[in-house]
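Breakdown of the fold
One letter stands for each residue in the lines below.
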Amino acid sequence: MNSTEVLTKRKWRQDLKNRNYMGLFLIPRKVFESEKVNDGTKRLVRIKFNTGTELKGAVTVTSGREIYIPRHLHHYFENADWFDCEILDDICYPKSSLDIL
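So, here is what we can say about the structure in this document.

Conventions we followed
Residues numbered from 1 in each chain as written. Predicted model: local features only at pLDDT ≥ 70, side-chain atom pairs only at ≥ 80, totals over all residues. Heavy atoms only, no water. Core = buried A, V, L, I, M, F, W, Y, C linked by side-chain atoms within 4.5 Å. Buried < 20%, exposed > 50% of the residue type's maximum accessible area, 1.4 Å probe, protein only. Helix = DSSP H or I, 4+ residues; strand = E, 2+ residues; numbered from the N terminus. Contact = heavy atoms within 4.5 Å. Pairing = 2+ DSSP bridges.

1. Looking at the nonpolar core
Core analysis: the biggest nonpolar cluster contains 24 residues, and Ile-47 and Phe-77 have the highest contact counts within it. Among the elements of the structure, α1 (29-34), β4 (42-49), β5 (54-60), α2 (74-78) and β7 (82-92) are those that each provide at least two residues to this core. Filtering out sequence-adjacent residues up to four positions away, Phe-77 remains in contact with Leu-16, Met-22, Phe-25, Ile-47, Phe-49, Leu-55, Ile-69 and Phe-83.

Following this line, the structure appears as structure tokens:
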């Protein structure tokens, strides 16, 4: 079973071991509520993998409290054991822009 661990009010760790689908990741309720994240918005995040790779940009928050990861970035998730995701600010962005740093 995949688990998440809340690290700060803006940051959590997502376990990727034995995970099959890399397109959606649930934002932990504690983070979602403390950061006042709204469905359908785009928020700026930094994703750091245990492999050392980092992604940064705006991601879409779905109506199911999940962040959406574009298909062209799935291989970074598939090649890692876990990642830390941090919401970087309180601004809602007009478009998604997640990419490698």
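2. Here we look at the sheet that holds strand β8 (residues 99-100)
Hydrogen bonds along the backbone pair up the strands of a sheet, which may run parallel or antiparallel. Across the sheet, six strands lie side by side as β1-β2-β7-β4-β5-β8; this open sheet has antiparallel pairing. Sheet topology places β1 (4-8) and β8 at the edges, where each strand pairs with a single neighbour. The sheet contact formed by β1 and strand β2 (residues 11-15) spans four bridges and is antiparallel. Each bridged residue has a counterpart across the sheet, and for Thr-8 the counterpart in β2 is Lys-11.

3. Notes on the environment of Thr-51
With respect to the element layout, Thr-51 can be found in the loop between β4 and β5. Sequence-wise, Thr-51 and Phe-83 are 32 residues apart; in three dimensions their C-alpha atoms are separated by 8.7 Å. What Thr-51 contacts, discounting residues up to four positions off in sequence, is Asn-79 and Ala-80.

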